[in-house]
Amino acid sequence: MKHRYEVGRRAEVHWLDAGGSSGWQSRKSALGGKPINARTLAWILQETSTHITLVSTQADNDDVADRTIIPRSLIRKVVYLVDEESPAKSKKLGKDPDA
């Protein structure tokens, strides 16, 4: 698999999200839906052949929270944050990310 995304980097990911609703509505109103252009700011935790996994929160003990999994086919654009060093990368290099 060719790696397209930089795991460990923080990025703004532009992607197409499925739209939806619940509750009763007219058939005409239901036909008006469409997918949503979404943006997520997060660290790229993992890349596979089918999707990427993002997390928006990382703890000092290596736990993560606020996970989003996006199919690769729905990703429109990835913009990496400039001069951002992720805590995971700093930890591996033996640096204190708060210093």
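Look above for the structure.
An account of the accompanying structure is given in this report. Predicted model, so just to flag it, every value in this text is computed and none were measured.

1. Considerations on the overall build of the protein chain
At step 1: Counting its regular elements, the protein chain contains 2 helices and 5 strands.
At step 2: Seen in sequence order, the protein chain has helices and strands lined up from the N terminus as β-α-β-β-β-β-α.
At step 3: Looking at the protein chain as a whole, 23% of its 99 residues are labelled buried.
At step 4: Taking the intrachain contacts of the protein chain between residues at least 6 apart in sequence as the baseline, contacts between residues at least 24 apart amount to 57%.
At step 5: Of the roughly 7,400 Å² of accessible surface on the protein chain, 50% is carried by carbon and sulfur atoms.

2. A few points about the environment of Val13
At step 1: Positionally, Val13 belongs in strand S1 (residues 10-17).
At step 2: Accessibility expressed as a relative area gives 0% for Val13, which makes it buried.
At step 3: Sequence-wise, Val13 and Leu54 are 41 residues apart; in three dimensions their C-alpha atoms are separated by 9.1 Å.

3. A few points about the packing of aromatic side chains
At step 1: Here the structure, examined in full by the defined rule, presents 0 aromatic pairs.
At step 2: Across from the ring centre of Trp43, 5.2 Å away, lies the NZ or CZ of Arg10, which sits over that ring.

4. A short note on the pattern of salt bridges
At step 1: Per the stated rule, a full pass over the model turns up 3 salt bridges.
At step 2: The closest approach of N and O atoms between Arg39 and Glu12, which form a salt bridge, is 3.8 Å. Taken together, the residues Arg39 in strand S2 (residues 36-47) and Glu12 in strand S1 connect sequence positions 27 residues apart.
At step 3: Relative accessible area serves as the criterion here: at 22%, Glu12 is assigned to the partly exposed category.
At step 4: Between Arg72 and Glu47 there is a salt bridge, with the nearest N and O atoms lying 2.5 Å from each other. Of the two residues, Arg72 sits in the loop between strand S4 (64-71) and strand S5 (75-80) while Glu47 sits in strand S2, which places them 25 residues apart along the sequence. This pair shows no difference in class: Arg72 is buried, exactly as Glu47 is.

5. Description of the environment of Arg39
At step 1: Classification of Arg39 by relative accessible area gives exposed; the value is 61%.
At step 2: Apart from the residues lying within four places of it in its own chain, the contact partners of Arg39 are Glu12, Val13, His14 and Trp15.

6. Things to note about unusual backbone geometry
At step 1: One non-glycine residue, Asp62, lies in the positive phi region at around 80°.
At step 2: Locating Asp62 in the fold gives a position in the loop between strand S3 (51-58) and S4.
At step 3: The class for Asp62 is exposed, based on a relative accessible area of 53%.
At step 4: Even without being glycine, Asp66 reaches a positive phi, approximately 60°.
At step 5: Tracing the backbone through its elements, the reader meets Asp66 in strand S4.

Rules of the game
- Residues numbered from 1 in each chain as written.
- Predicted model: local features only at pLDDT ≥ 70, side-chain atom pairs only at ≥ 80, totals over all residues.
- Heavy atoms only, no water.
- Helix = DSSP H or I, 4+ residues; strand = E, 2+ residues; numbered from the N terminus.
- Buried < 20%, exposed > 50% of the residue type's maximum accessible area, 1.4 Å probe, protein only.
- Contact = heavy atoms within 4.5 Å.
- Areas by Shrake-Rupley, 256 points an atom, 1.4 Å probe, with all protein chains shown as cover.
- Phe/Tyr/Trp six-rings, centres within 6.5 Å; stacked < 30°, edge-to-face > 60°.
- Lys NZ or Arg CZ within 6 Å of the ring centre and 35° of its normal.
- Salt bridge = Lys/Arg side-chain N within 4 Å of Asp/Glu carboxyl O.

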